[in-house]
Amino acid sequence: MPVKNRFAELQEEITAWRRDIHENPEILFETHRTSALVAEKLKEFGCDEIVTGIGRTGVVGVIKGKSDTSGKVIGLRADMDALPIHEQTGLEYASKTANAMHACGHDGHTAMLLGAAKYLSETRNFDGTVVVIFQPAEEGGGGGKEMCDDGMMERWNIQEVYGMHNWPGKPVGSFAIRSGAFFAATDQFDITFEGRGGHAAKPHETIDTTVMSAQAVLALQTIASRNADPVDRVVVSVTSFETSSKAFNVIPQRVQIKGTVRTMSAEMRDLAEKRIKEICAGVAATFGGTADVTYHRGYPVMVNHEEQTDFAAKVASDISGNCEEAPLVMGGEDFAFMLEERPGAYILVGNGDSADVHHPEYNFNDEAIPAGCSWWAGIVEQRMPAA
Amino acid sequence: MPVKNRAAEFQEEVAGWRRDIHEHPEILYDTHRTSALVAEKLKSFGCDEVVTGIGRTGVVAVIRGRSDTKGRAIGLRADMDALPMQEQTGLPHASKIPNAMHACGHDGHTAMLLGAAKYLAETRNFDGTAVVIFQPAEEGGNGGEAMVKDGMMERFGIDEVYAIHNSPGIEAGKFAIRPGPILASVDEFTLHLKGRGGHGAKPHMTVDTTVMMCHMISALQTIVSRNMDPIEKAVMTLTSAETSSKAFNVIPDRAEVRGTIRTHSEEVRAMIPKRIKEIAEGVAQTFGGSVEVEMRIGVPVTINDEAATEYAREAAEAVTSCEDVPILMGGEDFSFMLMERPGAMIRLGNGNSAGLHHPEYDFNDEIIPAGISWFAEVVERRMPAA
């Protein structure tokens, strides 16, 4: 079974929605226009229930099948938010808003799930209930967590959840997935070293915060090289380093460093946090200064459940002939929170030879729409076959 | 004879000027408000000539004595500029401007020289001419050099120059001096590092500029510990380091490191920049990045003239007392004036305050009468009334 004929028919209409959303990107929880557009479309399709304001600006739609003897409820999730990047594609439907851009294809994800909702409302060829979930603030805002915290899973009795992300570099319409840990836990740290500032010509009367912080950055490199089990994965990147002094002749009182930690297991994540605190405190003590470490836990490791992953791969293979094993991804994904609440799976769909996600020249490939929509419909129709 | 009575009477008024200047710090050559305030005061004192715009925002005033039988002129110099740092004194007269602070006491130097100008313009009890010099950009801007290059020495016929710097740690109001080299040469440099930026989660696709920078900062410490003759004196400090990325998840492609070099000899002054370049380039190469070293030649070693030092000491002893000071690693833009004319810089104890350039430093207003008296003594002793 390749893509469903109905989606080939709907492709032009779905593409128009996608480009409209692309032209009007909204950041984090500010997806007011997009959420309104989504809710309006869902009404137009004849969804049985549409609720806005879940997780601030999230939207949920309910579509009941022809029958409900199974009592099953499946959640399908897309993200709606854009990134604070200035678009440089030169497309006719490029972002109209400065420093806001759909550079991660959430415009495509939203449009494809709308297309699936339209089809499922038309056909209702399943035994159970579909809940379509449109979340804000996937890019660093924890919008998925907010929807869970609003009691979404319980309110609609969702039993399984599925998600999809487009993937540049993979042929259009092809799929890839992996079971278990898939996307990394993404944490941030913000460390302030404090020494004793003073005149650059009197180093002996100071505690040189610049030298202390540089040694700490070097010592942090040993978390990946010396503390981590070589078969486990960890990235510790110090991305920003700034002395409180900008002068040529003032030894700074403080240095602020910032960075990110990516891990693929809860144990490695705990170890990285512990070692960052120990190393900074130790190096600071060596030089007679102090280190104030703020470790902010972001998205947890996103773990695909085995049974749902196998099922999702089978649906994908039915559409495109096969489904590859995806590599581990060191990026983070907010869908991790939903997968902590319910079993489910997250799949990648090929975006062809495009610029990479988060690049100012990236664009979602509209040719992927029929495959993506067909996968959503396949998940529903095969997991809850019509009685 | 202790401090001059008239100077003691001035203290409250001069402290008022000092605190006003302290509240409105200005950096480098941007001493527009301070220069205007100085020029206005000098006019109100009845100085014979007040000239602005010498060395961009510098101010010079001439005060003629009762007589001028020998045609001599003594220059007295103060600095007006503040530092780019955030004040943390919590004082009622703390800086009103973020990231600008009088953390080196130039507010006090300026106020004391204004006080001395007021006294000298009132009394004129000398035979010759006093030239009061208010310079901008002492802190790394070569404001003193700019004034010299504008022909100040020739224009006002200055024969000798004298200056005060306050000194935390020396008893308030006591003086200290030494002949010969007293302060270091100061050169500054900026390292422009370039790696290859990228995503914080994909270190293997980048050349991490932050890690390269930190290796450089650490390796540069060996210049003083390993390359220098232990008998020599020098300091190399990296004061500012900043990556181009401020984000948590973007590995920066550039970084900038700034620093200063202090020496007491020309050999060491030549060796250190050479080693900085070799080490920086070596480390950059190690990590597959690159670095550009930008050197900024600053002030030479400050050398007190031997005879002038004695005159300065005698004046100080007349006011309070004067001890010997060790050679210091700070630099002083007054060195450019001392290269042109014989003269001396004296240190005036600021008492038990925080160190210079510290965010909690404040000039000690109690030392104002001593400073004013010393300036007046230098003029009255070097050019005694006929």
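Caption draft 1: Representation of the overall build of chain A in the model. Check the secondary structure of chain A and you find 10 helices and 16 strands. Over its C-alpha atoms, taken along the principal directions, chain A stretches across nearly 80 × 45 × 35 Å. Within the span of chain A, comprising 387 residues, buried residues form 61% of the whole.

Caption draft 2: Local environment of the side chain of His-165 of chain B. Residue and element names in this part refer to chain B. Relative to the helices and strands, His-165 is located in strand S5 (residues 160–167). For His-165, a relative accessible area of 5% puts it in the buried group. When near neighbours in sequence (up to four residues on either side) are disregarded, His-165 contacts Cys-104, His-106, His-109, Glu-332, Met-345, Ile-346, Arg-347, Leu-348 and Leu-356.

Caption draft 3: Local environment of the packing of aromatic side chains. Applying the stated criterion to the full structure yields 14 aromatic pairs over all chains. Consider the rings of Tyr-162 of chain A and Trp-375 of chain A, whose centres lie 6.3 Å apart with planes at 75°: the pair is edge-to-face. Of this pair, Tyr-162 of chain A sits in strand S5 (residues 160–167) while Trp-375 of chain A sits in helix H10 (residues 369–383), placing them 213 residues apart in sequence. A relative accessible area of 0% places Tyr-162 of chain A in the buried class. On the accessibility criterion, Trp-375 of chain A (0% relative accessible area) is buried. Aromatic side chains Trp-167 of chain A and Phe-183 of chain A sit 6.1 Å apart centroid to centroid with 70° between the ring planes, which places their arrangement in the edge-to-face category. Taken together, the positions of Trp-167 of chain A in strand S5 and Phe-183 of chain A in strand S7 (residues 180–183) put the pair 16 residues apart, joining distant regions of the chain. Owing to a relative accessible area of 22%, Trp-167 of chain A belongs among the partly exposed residues under this scheme. Of the aromatic side chains, those joined through ring pairs into one cluster are Trp-167, Phe-182, Phe-183, Phe-335 and Tyr-346 of chain A. Sitting above the plane of the Phe-337 of chain A ring, Lys-145 of chain A keeps its charged end 5.9 Å from the centroid. Here the guanidinium or amino end of Lys-258 of chain A rests over the ring plane of Phe-248 of chain B, the centre of that ring lying 5.2 Å away.

Caption draft 4: Fine view of the sheet that holds strand S16 (residues 343–349) of chain B. All names here are of chain B. Read from one edge to the other, the open sheet built from eight strands follows the order S1-S2-S4-S3-S5-S16-S6-S15, with strand pairing classed as mixed. Since the sheet does not close on itself, it has two edges, and those belong to strand S1 (49–54) and strand S15 (322–324), each with one partner. Averaged over all neighbouring strand pairs, the angle between strand axes comes to 25°, with direction disregarded. Here helix H2 (residues 32–45) sits on the sheet and contacts S1, strand S2 (58–64) and strand S4 (129–135); the angle it forms with S2, its principal contact strand, is near 10°. Here helix H3 (residues 106–123) sits on the sheet in contact with S2, strand S3 (73–79), S4, S5 and S16, set at roughly 145° to S3.

Caption draft 5: Geometry of the confidence of the model for chain B. Looking at chain B as a whole, its pLDDT mean stands at 95, while 99% of the residues score no less than 70. Reported confidence for the predicted complex is 0.71 by ipTM and 0.71 by pTM.

Cut-offs and rules
- Residues numbered from 1 in each chain as written.
- Chains lettered and ligands numbered in written order.
- Predicted model: local features only at pLDDT ≥ 70, side-chain atom pairs only at ≥ 80, totals over all residues.
- Heavy atoms only, no water.
- Helix = DSSP H or I, 4+ residues; strand = E, 2+ residues; numbered from the N terminus.
- Buried < 20%, exposed > 50% of the residue type's maximum accessible area, 1.4 Å probe, protein only.
- Contact = heavy atoms within 4.5 Å.
- Phe/Tyr/Trp six-rings, centres within 6.5 Å; stacked < 30°, edge-to-face > 60°.
- Lys NZ or Arg CZ within 6 Å of the ring centre and 35° of its normal.
- Pairing = 2+ DSSP bridges.
- Axes fitted to C-alpha atoms, helices over the stretch in contact; angles between N-to-C directions.
- pLDDT = per-residue confidence, 0-100.

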